[in-house]
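Chain by chain, the residues:
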Amino acid sequence: QVQLVESGGGLVQAGGSLRLSCAASPESGSISRIDAMAWYRQAPGKQRELVAGIYSGGSTNYADSVKGRFTISRDNAKNTVILQMNSLKPEDTADYSCHAQGLYRRRDGNYSPFNSWGRGTQVTVSS
């Protein structure tokens, strides 16, 4: 399968910025393609929500609450997705998780789809 490793969370004051990174790597074999990568978040007592996604054609979408403040980008060569978060608000406080789906080539030469989640990284915005 394909593992996702996130980094970049932390504590920041309102109005500040953070940059989250998520790198995809196969446990064995190689990644053939990634169709979509996205960031989700879940605050205590709330449902998980899509923050931003980026797709194979380069299109993106954002939650209304983060439009104009967050930017998602992708480094295809490194199988990495970046979420640049600016003008952070206390309501952005949540556990942020990375998700990716696509196709990887197994060690035996066959291909399998993958649908992977990272373990999450905490973002805390103080007022």
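Scoring rules and cut-offs
Residues numbered from 1 in each chain as written. Predicted model: local features only at pLDDT ≥ 70, side-chain atom pairs only at ≥ 80, totals over all residues. Heavy atoms only, no water. Salt bridge = Lys/Arg side-chain N within 4 Å of Asp/Glu carboxyl O. Helix = DSSP H or I, 4+ residues; strand = E, 2+ residues; numbered from the N terminus. Buried < 20%, exposed > 50% of the residue type's maximum accessible area, 1.4 Å probe, protein only.

Draft legend 1. A look at the pattern of salt bridges. Under the definition given, this model contains six salt bridges. Across the salt bridge formed by Arg-69 and Asp-92, the nearest N and O atoms sit 2.7 Å from each other. Of this pair, Arg-69 sits in the loop between β6 (60–62) and β7 (70–75) while Asp-92 sits in the loop between β8 (80–85) and β9 (94–105), and the two are 23 residues apart along the sequence. Given a relative accessible area of 11%, Arg-69 falls into the buried group. The residue Asp-108 makes a salt bridge to Arg-106 at a minimum N-O spacing of 2.9 Å. Assessed through its relative accessible area of 29%, Arg-106 is described here as partly exposed. Connected through salt bridges with shared partners, the residues Arg-41, Glu-49, Arg-69 and Asp-92 form a single ionic network.

Draft legend 2. Representation of unusual backbone geometry. Of note, Asn-79 is a non-glycine position whose phi angle comes to about 50°, a positive value. By the element assignment, Asn-79 lies in the loop between β7 and β8. Here Ser-87, not a glycine, exhibits a phi torsion of approximately 50°, which is positive. Structurally, the position occupied by Ser-87 is in the loop between β8 and β9. On the basis of relative accessible area, Ser-87 is assigned to the partly exposed category, the value being 41%.

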